[in-house]
Amino acid sequence: MTLAEGRRDPEELPNRPGFWRSSLNPWTVRTRDNPERVAFVLHRVTGFIILAFLLAHIIETDSPVWSQYFPYSGLSGWALWNHIMAIESGLAFRIGEFIVAGAVLFHAPNGVRLLLAEFFGVGVGRPGDPRPPYVPGTFRAAQRQWLYAVFVVWIVLWLIAGVIIFS
Amino acid sequence: MAMDVEAARRVPPKQVIVRVRRYDPEAKRMWWQEYKIEAHRGMTVLDALLKIKEEQDHTLVLRYSCRQGICGSCGMTINGTPRLACQTQLTEVVSEANPVMTVEPLYNFPVIRDLMTDFMDFFNKHRSVKPYLIRKDKEEQESPKGQYDMYPDEYLQTYQYTNCIYCGLCYAACPVVAADPQFLGPQALMYALRFVNDVRDEGWGERFLIVDTEHGCHRCHFAASCSAVCPKAVDPAGAIQALRSKLFRYRLGLYKRRVSKVVGPPPEKGERIQLPPEATLLPGVDLKKLEEEPVVIKLPEE
């Protein structure tokens, strides 16, 4: 279903914000009392980190197979696997593991909050009669508390993950 | 973003530096221009811009009308935040330590000249969600024989959304509109919910079809900046989530709500209709209890 007729194609509009400006919008717009925007940016960034990790993880765990056809540094099969494992036990990869752990530990609980709010409309409040000081219902509703809980759970679990990874 | 009443009492710095992002469509040139103005207590950003226009540079173009936060014309990006210039006190955006204020046209809107932006796409998106009452009985819709019944709690389901003044601040703050210019935007989606919630309306099927697209309500990722910048606390972010959950139930065949009926002809001039008590009272209000206890209304301190 297309949108109603009569709409102008936005591509034809003059002087509309370009790609870079649009890409920078989550960072450049300043809003007060809006941790949801921080969560939005973090959810995107952590999503990309998890995706990058998953791709690297698939290539790494499949290395004994693909290296038989495309040997890497003269190594193939389990010899390459042991070589990769030796590289991954280094500090740089532990730091990477720590970052991935942080990404997953934020993305998962925040995803639960988003699922509840977006699909079931839970925790976003009900429409009412706006009164001073005009705080939107969504910011007074349960999702805001869930969001703070997500931040707390994230930091605590990330610290625990850091202890496990670096000890 | 609620108006800051306290800010009007504070005294702004004597001299304020206003940096305006200007645009000349003929030369297709954008540049930053700096003005220095003498500020006074109670001065808004709109006052400051009009003072510049009157005294320093009459070529500065901006759009404004009511000067009291009702018309929604003077939306602009002030210090990186989309705000109504007439409702923003200078003391909110500048201080003695930092007397510089930046004013830009609204983000996500094509610029016509200087601070004036093109709302054509914004209004077309608003129009696309059919922002009017739709009844299945077309004859009754065209020539109504009576009024529709609507109870106070049902009215509250739509009232908040009808406060929208079409200022476009939500649209300018939305990171999804920035990434996808075809996204319907917070205002249009909020207005779709305003009519989906309205018991006098029967067109929710049509509206759900319009918003159930890749550029519709599923594109929202709940950054909630629309609600954070809204000057009327309309709360589009909550509305979009409610709309999406209703659409989810509609697709599962579980969406149901009451549709109001025609309740006789409208009253003659001067005639009063006796309404049942439940039609005039909000839920939770007890008349007997109100008679016994005096009502104390606490007004916000001025």
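Residues numbered from 1 in each chain as written. Chains lettered and ligands numbered in written order. Predicted model: local features only at pLDDT ≥ 70, side-chain atom pairs only at ≥ 80, totals over all residues. Heavy atoms only, no water.

Remarks on the overall build of chain A
Scanning chain A from terminus to terminus reveals seven helices and zero strands. Overall, chain A shows an N-to-C arrangement of helices and strands of α-α-α-α-α-α-α. Buried positions account for 34% of the 167 residues belonging to chain A. Long-range pairs, those at least 24 residues apart, make up 65% of the contacts in chain A with a sequence separation of at least 6. Per element, the accessible surface of chain A, about 10400 Å² overall, is 70% carbon and sulfur. (Helix = DSSP H or I, 4+ residues; strand = E, 2+ residues; numbered from the N terminus. Buried < 20%, exposed > 50% of the residue type's maximum accessible area, 1.4 Å probe, protein only. Contact = heavy atoms within 4.5 Å. Areas by Shrake-Rupley, 256 points an atom, 1.4 Å probe, with all protein chains shown as cover.)

Points about the pairing of strand 2 (residues 29-38) of chain B
Residue and element names in this part refer to chain B. Inspection of the sheet shows strand 1 (residues 15-24) paired to strand 2 by ten bridges, in the antiparallel sense. Considered in strand 2, the bridge of V18 is made with Y35. Counting the residues in the hairpin turn of strand 1 and strand 2 gives four residues, including K28, whose phi is positive at 50 degrees. (Pairing = 2+ DSSP bridges.)

Examining the packing of aromatic side chains
For the structure shown, the criterion picks out 23 aromatic pairs over all chains. Ring plane angle 65 degrees and centroid distance 5.0 Å describe the contact between F106(A) and W154(A), whose orientation is recorded as edge-to-face. One end of the pair, F106(A), is in helix 5 (residues 91-120); the other, W154(A), is in helix 7 (residues 142-166), and 48 residues separate them in sequence. For the pair shown, F106(A) and W154(A) are each scored as buried. Aromatic pair F151(A) and W154(A): ring centres 6.5 Å apart, planes at 50 degrees, arrangement tilted. Within this pair, F151(A) and its partner W154(A) are both found in helix 7, separated by three residues, close to a single helical turn. The pair F151(A) / W154(A) is uniform in exposure class, with both members buried. One aromatic cluster in this structure is built from F109(B), F119(B), F122(B), F123(B), Y166(B), Y171(B), Y191(B) and F195(B). Its guanidinium or amino end placed over the ring of F139(A), R144(A) lies 4.6 Å from that ring's centre, counting from NZ or CZ. (Phe/Tyr/Trp six-rings, centres within 6.5 Å; stacked < 30°, edge-to-face > 60°. Lys NZ or Arg CZ within 6 Å of the ring centre and 35° of its normal.)

A word on the interface of chain A and chain B
On the chain B side, the residues contacting the 47 residues of chain A number 59 residues. At the boundary of chain A with chain B, total buried surface from both sides reaches about 4400 Å², with 59% on carbon and sulfur atoms. The interface formed by chain A and chain B holds one salt bridge in total. Notably, a salt bridge pairs E118(A) with R244(B), separated by 3.5 Å at the nearest N-O pair. At the level of secondary structure, the elements contributing two or more residues to the side of chain A that touches chain B comprise helix 1 (19-28), helix 2 (35-61), helix 5 and helix 6 (137-140) of chain A. (Buried area = accessible area lost by both parts, 1.4 Å probe. Salt bridge = Lys/Arg side-chain N within 4 Å of Asp/Glu carboxyl O.)

Thoughts on the pattern of salt bridges
Enumeration over the complete set of coordinates arrives at 23 salt bridges over all chains. In this structure, the salt-bridge partner of E26(B) is R113(B), at a minimum N-O distance of 2.7 Å. One end of the pair, E26(B), is in the loop between strand 1 and strand 2; the other, R113(B), is in strand 6 (residues 111-113), and 87 residues separate them in sequence. Relative accessible area serves as the criterion here: at 27%, R113(B) is assigned to the partly exposed category. Linking E206(B) and K130(B) is a salt bridge whose minimum nitrogen-to-oxygen distance equals 2.8 Å. Placement of E206(B) in helix 9 (residues 204-211) and of K130(B) in the loop between helix 3 (120-128) and helix 4 (138-142) is noted, with a sequence separation of 76 residues between them. Classification of E206(B) as partly exposed rests on a relative accessible area of 33%. One salt-bridge network, held together by shared partners, links D33(A), E36(A) and R144(A).

Thoughts on the pairing of strand 1 of chain B
Residue and element names in this part refer to chain B. With eight of ten residues buried, strand 1 lies mostly within the body of the structure. Looking at chain direction, strand 1 and strand 5 (residues 100-104) are connected through four bridges and run parallel. Counterpart to R19 in the pairing with strand 5 is T102.

A word on helix 11 (residues 236-251) of chain B
Residues and elements named next belong to chain B. Here helix 11 contains 16 residues, and its C-alpha end-to-end distance of 22 Å stays within 8% of the 22 Å for a straight helix at 1.5 Å per residue. Within helix 11, twelve of the 16 residues are buried, leaving the element largely enclosed by the surrounding structure. Inspection of helix 11 places P236, A237, G238, A239, I240, Q241, A242, L243, R244, S245, K246 and L247 among the buried residues, and these make up the whole buried set. Phi turns positive one or two residues past the end of helix 11, at G253, with a value near 75 degrees. (Expected span 1.5 Å × (residues − 1).)

Considering a negative patch on the surface
A surface patch of like charges, here negative, comprises D286(B), E291(B), E292(B) and E293(B). Position of D286(B) relative to the elements: it lies in the loop between helix 12 (277-280) and helix 13 (287-292). (Patch = residues over 30% accessible without salt bridge, like charges linked within 9 Å, V, L, I, M, F, W, Y side chains within 5 Å. Lys, Arg positive; Asp, Glu negative; His and termini not counted. Charge placed at Lys NZ, Arg CZ, Asp CG, Glu CD.)

With respect to helix 9 of chain B
All names here are of chain B. For helix 9, the complete set of buried residues consists of W204, R207, F208, I210 and V211. The buried residues of helix 9 occupy an angular sector of 160 degrees when the element is viewed end-on, so they sit on one face. Looking at the buried side of helix 9, the elements it contacts are helix 3, helix 8 (185-196) and helix 11. (Arc of directions from axis to C-beta.)

What to know about the sheet that holds strand 4 (residues 81-84) of chain B
Residues and elements named next belong to chain B. One open sheet holds the five strands; their spatial order is 2-1-5-3-4, and the pairing between them is mixed. Across the chains shown, the open sheet's two edge strands, defined by having one partner strand only, are strand 2 and strand 4. Averaged over all neighbouring strand pairs, the angle between strand axes comes to 35 degrees, with direction disregarded. Pairing of strand 3 (residues 75-78) with strand 4, which is carried by four bridges, proceeds in the antiparallel orientation. If you follow G75 over to strand 4, its bridge partner there is L84. (Axes fitted to C-alpha atoms, helices over the stretch in contact; angles between N-to-C directions.)

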